Amino acid sequence: MAKIINGTNIPNMPWEERPASCKEVVWRYTGNPIITWNPGPKNIARVFNSAVIPYGDEFVGVFRADHKDITMHLHFGKSKDAINWELEPEDIKWVDESGEPFQPTYGYDPRLVKMDDEYFIIWCTSHAEQPTIGLGKTKDFKTFTRFENAFLPHNRNGVLFPRKINGNYVLLSRPSDTGHTPFGDIYVSESPDLKYWGKHRKVMGTTSGWESTKIGAGPIPIETDEGWLMIYHGVIYTCNGFVYSMGAAILDLENPSKVLYRGSQYLLTPEVDYETTGFVPNVCFPVATLCDAATGRLAIYYGAGDSHTAIAFSTVDEIIKFVKDTNKLHPGDDGIGKL
Ligand code: BMA
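These notes cover the structure that comes with them. (Residues numbered from 1 in each chain as written. Predicted model: local features only at pLDDT ≥ 70, side-chain atom pairs only at ≥ 80, totals over all residues. Heavy atoms only, no water.)

## Notes on the site of the ligand
The test is simple: The cutoff for a nearby residue is simple: one of its non-hydrogen atoms must lie within 4 Å of the molecule or strand. As used in this structure description, the phrase polar contact means that two N or O atoms lie within 3.5 Å; if the pair is within protein, one of them must be able to donate a hydrogen and the other to accept it, and residues adjacent in sequence are counted only when both atoms belong to side chains. Working definition of accessibility: Shrake-Rupley area with a 1.4 Å probe, residue cover restricted to the visible protein chains. Residues are grouped as follows: Ala, Val, Leu, Ile, Met, Phe, Trp, Tyr, Cys and Pro are nonpolar; Asp, Glu, Lys and Arg are charged; all remaining types, including Gly, are polar.
As a matter of local geometry, the ligand sits amid N49, R64, Y108, D109, Y244, V280, V283, F285 and D306. One of the side-chain nitrogen or oxygen atoms of R64 is found 2.7 Å away from an oxygen atom of the ligand. In the environment of the ligand, an oxygen atom lies 3.0 Å from a nitrogen or oxygen atom belonging to the side chain of Y244. Relative to its free-state accessible area of 310 Å², the ligand is covered by the protein chains to the extent of 86%. Across the shell around the ligand, the residue classes break down as 5 nonpolar, 1 polar and 3 charged.

Spelled out as structure tokens, the structure:
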């Protein structure tokens, strides 16, 4: 079994064994979707692409909630079982580091990671009305402190590693454009203080098939003795629009711009109705995992069809084996020539 490093035991996380009829590496929760259209509070139309984390004996989350005027907001939510969620009716209210209100115009696709006794939130925010990477933190999910944006526009899919690497914070991102970006590779950047970012390196780019149009990092990478397990989304442009699938790669522990193994096949692709239909059909968009360090069990939280929140299960070992078995590295994945 791969050793999970710096992991947490979460014996009460959602879990179902793989159904006897399923031969896939990743299997869907039978109670999916766990959040569907118009879940309430009443201004919220759709909740998807959202991040969850253990908190005490229970769970909390930062949720992407698109309101009924079709604007994108971040709402705090809590749950006893990480399946049934209670969302706050109001958006998260941000303050700057001096305590003054610092509210973004919009927020979507949040990621959530704990470092020491603080929780960091990374999301797609507005910079002069253009999308880029927002960063903030909280200790108690009551006061939320927002930093200056990490990057210039246009950028999305910011994902912070769960620890400093060689003394610096490390952030994955996906430079993009103003709209429904028809391109996109994964990059990594470093910062000593979460304020000044540099040492930008390319991690990996698009290839063919399910990840031929664009790729973007998903949940917070999981540290294992085999490397960082990075689950990500890959997009193909078809005659009926974009199709978002889920895949995985393993990055070098000390130099995450270096890809050690890259699964050439998707792990999950839109197949069932809550993924193939919705506000945006054909989207499986992973943004968070709960991982039980003791067993390696994984619950992957993903947005489905930009309308639903769903869970898929697997184990760290099975995904690592799949990535190695289907491994195909591409020019540039090896960490050479990334500047
Ligand atoms: C991407 C992001 C995601 C969304 C996806 C499909 O560009 O905006 O939030 O799930 O498109 O619409």
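## Thoughts on the pairing of strand β8 (residues 118-127)
The test is simple: Buried, partly exposed and exposed residues are distinguished by accessible area as a fraction of the type maximum, computed with a 1.4 Å probe on protein chains only: under 20%, between the cut-offs, and over 50%, respectively. Think of it this way: any DSSP run of H or I at least four residues long counts as a helix, any run of E at least two long counts as a strand, and we number them from the N terminus. Only strands that DSSP links by at least two bridges are regarded as paired with each other.
Most of β8 sits out of view: 9 of its 10 residues are buried. Note that strand β7 (residues 107-115) and β8 share 7 bridges and pair antiparallel. By the bridge assignment for β8, L112 is matched with I121. When β8 meets strand β9 (residues 130-138), the two strands line up antiparallel, connected through 9 bridges. Bridging from a neighbouring strand, T125 pairs with T132 of β9. What sits between β8 and β9 in their antiparallel hairpin is a turn of 2 residues, with A128 showing a positive phi close to 50°.

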